[in-house]
Amino acid sequence: MSRSFWLLLLWTAIAAGLRSWNLDSKPPWTDEFATLVFSLGNSFSDIPLGQVLTVADLLTILQPLPQPEPNTVAASLLNGDNHPPFYFVLAHLWYRLFPPDGNYLSLAIGRSLPVVFGTLAVPLGYGCAKWIWGKDQEKLAQFTALLMAISPYGIFISQEARHYTFAIIWGLISIACCLKSLGYLLKNQRLPFSLTIIWILANALGISVHFFAVLPMAAQAIALALWLGVWHRQGKINFLLALKSLLPVILGTAAAGLSWIVIISQKQFGHGMTEWIQFTDMSWVDTLLGPPAQLAAAGITMFCLWPVESENLWLVVLSGLGMLAYFIWLTPVVWQGLGHGIKTQKDPRVLVLVTTFIVLVIIYLTISYGAGLDITRGARYSFNFWSLLMLMAGVGLGKNPQVNSHRSGDLSPSVDQWQQLNWWQRSRQGLYLPMIILIIGILSAFTVTHNLAYQKYYRPDKLLTLLADNPPSENRWIVTTHKSLVQMGELLGLAWEAQRHFPELVPQLRFVFLPQEKSQDPAATEKLQNLLKQAEGPVDLWLVNYFAPLDFPDCQMDRSPKKNIFGYPYQRFYCPLNRELGQIN
């Protein structure tokens, strides 16, 4: 076995280890519950509304059904969620390979499939880099694999029970096919049949995993059209011949996309689950600067991430400064390498890769500002940038003549020159560069796996800790207004964490979902008032994400200072036994 093989195996093993580290320690959140529930063939509609439910009642939808069919999974998903079913059907088959954790699906198993795909992306990225730039570009491919293995963002999305790493696989193959095609288009040759088929399949399957996969495809198309037009005007190619070569890919991808438009047009698609990314109740400053700032933050965290979400202000400041220093250290090296590939080597593949990235940024910003849907707000939606940035960074490091000075004797620093370099310059020479990248990556991985950054969007453990710190109550109701599966996922998180880490709370907890069509609808409060009248004892009432009038004349509002618990804003009431019921008893 060659040294290159063992090095790639090392990066792959590091990727698998980091992505599996503390895999089930963080509490699951709404989107993850959606994956688990639909992949099991269950449905959120199985949870009754307007009734008082126990922890066991709520967790029934996380119990594996006796051998449901994959078509049941697809039908349940299309009727209740916003995503295509490919990953969910695959996850369903994956879950069936493992026994449940007691009565419920194991969270580690639920998150393990994204870990598998996130790990496979590392050798795939290595292979794609060598396929695109040639077998002699070993260092370029190794840098790409290393960056993918230790990317904190890559670890973050690999530890989510979601479909993003599976979409990354197909997106990586798609951009590889796009760049590989340039070798034929620039020679006015037709694309090989195998390349065409792989490209179409990658695009079609990518759309079947996540609809956002069409965005980098659009960016590829625009970047290709732009540069093919430039090269046509320069007399290097025949634009019509190139378009004819690409036509099967265009038609095949369009057919895959249009088939999904037909399918989703027949469904009640949306279910109010995109409201959170709309520009509402935001200042003009946040609206204007938010999208580009959020994209930049996601891009930086693909390379380095320290505890910027810590509750310790000094740690946040020091972490931010450390990330900034690393960014300043790494970016010029990558930039010089990309510039060398474009200006000196005149590599069209680097041109198209960088242009695709720039166009994709413009597409994201156009959707955010034009459609009023801020798709930059959720870091997970930036998964389309990950493959592009990893390839760009790998190319930048692999093509930088200073990093690869051993190839040319006149570029190798002499002993005198080496002594004249300061520590900052020496850190970019020889083995220092990959070692620093590896160390920073492992530190960043620790930050992610130990919930010091990229924390889960909801913290049910914090609310349950608050409940546990209060005197016990026989009837502790947690009530929310219900518009979509989002609210069910929020309370599912509480029920899940209670049965795992707060068993003393399980007998006390009750959950109520009050159906609501519009915010501040008094019907939800009236329904809750009726339920309270039927209670068999005093109720310790916790209204969580409750968007209805707080009109409970028979209850006393808790006016003590409230804690800020992300994802679970609450208001507490003390509701004594209903007077009429007390007189009867």
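Owing to the predicted nature of the structure, the values given are computational and were not obtained by experimental measurement.

Examining the overall build of the protein
So, point 1. Broken down by element type, the protein carries 23 helices and five strands.
So, point 2. Radius of gyration (C-alpha) of the protein: 27 Å, near the 25 Å computed for a compact globule of 585 residues.
So, point 3. Dimensions of the protein, computed from the C-alpha atoms along their principal axes, are close to 95 × 55 × 50 Å.
So, point 4. Counting only residues that meet the buried cut, the protein has 54% of its 585 residues in that class.
So, point 5. Taken as a whole, the protein presents about 26,300 Å² of accessible surface, with 63% of it coming from carbon and sulfur.
So, point 6. Counting 40 positive and 35 negative side-chain charges, the protein places the averaged centre of each group 15 Å from the other.

Considerations on the nonpolar core
So, point 1. Counting residues in hydrophobic clusters, the biggest one holds 158 residues, and the most contacted among them are F44 and I437.
So, point 2. It is helix α9 (residues 164-185) that contributes the most residues to this core, 15 residues altogether.
So, point 3. Discounting chain neighbours no more than four positions away, the residues touching I437 are F143, L146, L147, I150, Y326, W329, L330 and L397.
So, point 4. Grouped together as the second largest cluster of nonpolar side chains are 18 residues, Y546, F552, C555 and C575 included.

Structural notes on the pairing of strand β5 (residues 570-575)
So, point 1. For β5, a buried count of five out of six residues is recorded, marking the element as mostly surrounded by other parts of the structure.
So, point 2. As paired elements, strand β3 (residues 539-544) and β5 share six bridges and run antiparallel to each other. Looking at the pairing, V544 lines up with Y570 of β5.
So, point 3. In this structure, strand β4 (residues 556-557) lies alongside β5, joined through two bridges in antiparallel fashion. Bridge pairing links M557 to F573 in β5.

A short note on the packing of helix α2 (residues 30-39) against helix α21 (residues 485-501)
So, point 1. At their nearest, the axes of α2 and α21 sit 8 Å apart, and the two run at 90 degrees to each other. Taken together, the axes of α2 and α21 are roughly perpendicular relative to one another. Listed contacts from α21 to T30, F33, A34 and F38 of α2 are L485, V486, G489, E490, L492, G493 and W496.
So, point 2. Here the residues of the contact of α2 with α21 sort into seven nonpolar, three polar and one charged.

Some thoughts on the state of the cysteines
So, point 1. Considering all chains together, one arrives at one disulfide under this definition.
So, point 2. The disulfide partner of C555 is C575, and the gap between their sulfur atoms is 2.1 Å. The sign of the 110 degrees torsion about the S-S bond sets the C555-C575 disulfide as right-handed. Of this pair, C555 sits in the loop between β3 and β4 while C575 sits in strand β5; the two residues are 20 residues apart in sequence, bridging distant segments of the chain. As far as burial versus exposure is concerned, C555 and C575 are alike and both buried.
So, point 3. There is no disulfide at C177, and the cysteine sulfur nearest it, in C128, is 7.7 Å away.

Side note on the pairing of strand β2 (residues 509-515)
So, point 1. β2 sits mainly inside the fold: five of its seven residues count as buried.
So, point 2. Read from strand β1 (residues 476-482) through α21 to β2, the crossover connection turns out right-handed.

Structural notes on the pattern of salt bridges
So, point 1. The full count for this structure, using the stated rule, is 15 salt bridges.
So, point 2. D347 is the salt-bridge partner of K399, the closest N and O atoms lying 3.4 Å from each other. Separated by 52 residues along the polypeptide, K399 in helix α16 (residues 383-399) and D347 in the loop between α14 (313-344) and α15 (348-370) bring together distant segments of the chain.
So, point 3. A relative accessible area of 8% means that K399 is categorised as buried.
So, point 4. Residues D540 and R476 are paired through a salt bridge, measuring 3.0 Å at the closest nitrogen-oxygen approach. With D540 in strand β3 and R476 in strand β1, the pair connects residues that are 64 residues apart, well separated along the chain.
So, point 5. Residue classification places D540 among the buried positions, given a relative accessible area of 5%.
So, point 6. According to the relative accessible area criterion, R476 is buried, its value standing at 0%.
So, point 7. By sharing partners, the salt bridges in this structure join E32, R111, E160 and K456 into a single network.

Some details on the confidence of the model for the protein
So, point 1. When pLDDT is averaged along the protein, the result is 88; 90% of the residues meet or exceed 70.
So, point 2. Long-range and interchain partners of residues 406-413, a stretch whose pLDDT sits below 50, account for 13 contacts in this model, where long-range means more than four residues apart.
So, point 3. Between residues 579-585, whose pLDDT stays under 50, and residues either more than four places distant or in other chains, the model counts three contacts.

Quick look at α16
Since there are 3.6 residues in each turn of an α-helix, residues three or four apart along the chain are aligned in direction.
So, point 1. Between its terminal C-alpha atoms α16 stretches 25 Å, which fits the 24 Å expected from 17 residues at 1.5 Å a residue.
So, point 2. Most of α16 is tucked away, with 17 of its 17 residues classed as buried.

Here we look at the side chain of S39
So, point 1. Among the structural elements, S39 can be located in helix α2.
So, point 2. A polar contact is formed between the side chain of S39 and the backbone oxygen of T35, at a distance of 2.7 Å.
So, point 3. Excluding its chain neighbours within four sequence positions, the residues that come into contact with S39 are V73, F88, A91, H92 and Y95.

Quick word on the packing of aromatic side chains
So, point 1. Scanning the model with the defined rule gives 25 aromatic pairs in all.
So, point 2. With a centroid separation of 5.3 Å and 75 degrees between ring planes, the pair formed by F5 and W6 is classed as edge-to-face.
So, point 3. Residue F5 is classed as partly exposed on the basis of its relative accessible area, which comes to 36%.
So, point 4. Ring geometry for Y458 versus Y568: centroids 5.9 Å apart, planes at 70 degrees, classification edge-to-face. With Y458 in the loop between α19 (432-449) and α20 (460-469) and Y568 in the loop between β4 and β5, this pair connects stretches of sequence that are 110 residues apart. You'll find Y458 and Y568 in the same group, each marked buried.
So, point 5. Cluster of aromatic residues (ring-pair linked, three or more members): F86, Y87, F88, F117, F166 and W170.
So, point 6. One Lys or Arg, R380, reaches over the ring of Y381 and ends 4.8 Å from the middle of that ring.

Each value, and the rule that gives it
- Residues numbered from 1 in each chain as written.
- Predicted model: local features only at pLDDT ≥ 70, side-chain atom pairs only at ≥ 80, totals over all residues.
- Heavy atoms only, no water.
- Helix = DSSP H or I, 4+ residues; strand = E, 2+ residues; numbered from the N terminus.
- Rg over C-alpha atoms; globule rule 2.2 N^0.38 Å.
- Buried < 20%, exposed > 50% of the residue type's maximum accessible area, 1.4 Å probe, protein only.
- Areas by Shrake-Rupley, 256 points an atom, 1.4 Å probe, with all protein chains shown as cover.
- Lys, Arg positive; Asp, Glu negative; His and termini not counted.
- Charge placed at Lys NZ, Arg CZ, Asp CG, Glu CD.
- Core = buried A, V, L, I, M, F, W, Y, C linked by side-chain atoms within 4.5 Å.
- Contact = heavy atoms within 4.5 Å.
- Pairing = 2+ DSSP bridges.
- Axes fitted to C-alpha atoms, helices over the stretch in contact; angles between N-to-C directions.
- Parallel < 35°, antiparallel > 145°, perpendicular 65-115°, else oblique.
- Nonpolar A, V, L, I, M, F, W, Y, C, P; charged D, E, K, R; others polar.
- Disulfide = S-S within 2.5 Å.
- Right-handed = clockwise from strand over helix to strand, strands pointing away.
- Salt bridge = Lys/Arg side-chain N within 4 Å of Asp/Glu carboxyl O.
- pLDDT = per-residue confidence, 0-100.
- Expected span 1.5 Å × (residues − 1).
- Polar contact = N/O pair within 3.5 Å; in protein donor to acceptor, adjacent residues only side chain to side chain.
- Phe/Tyr/Trp six-rings, centres within 6.5 Å; stacked < 30°, edge-to-face > 60°.
- Lys NZ or Arg CZ within 6 Å of the ring centre and 35° of its normal.

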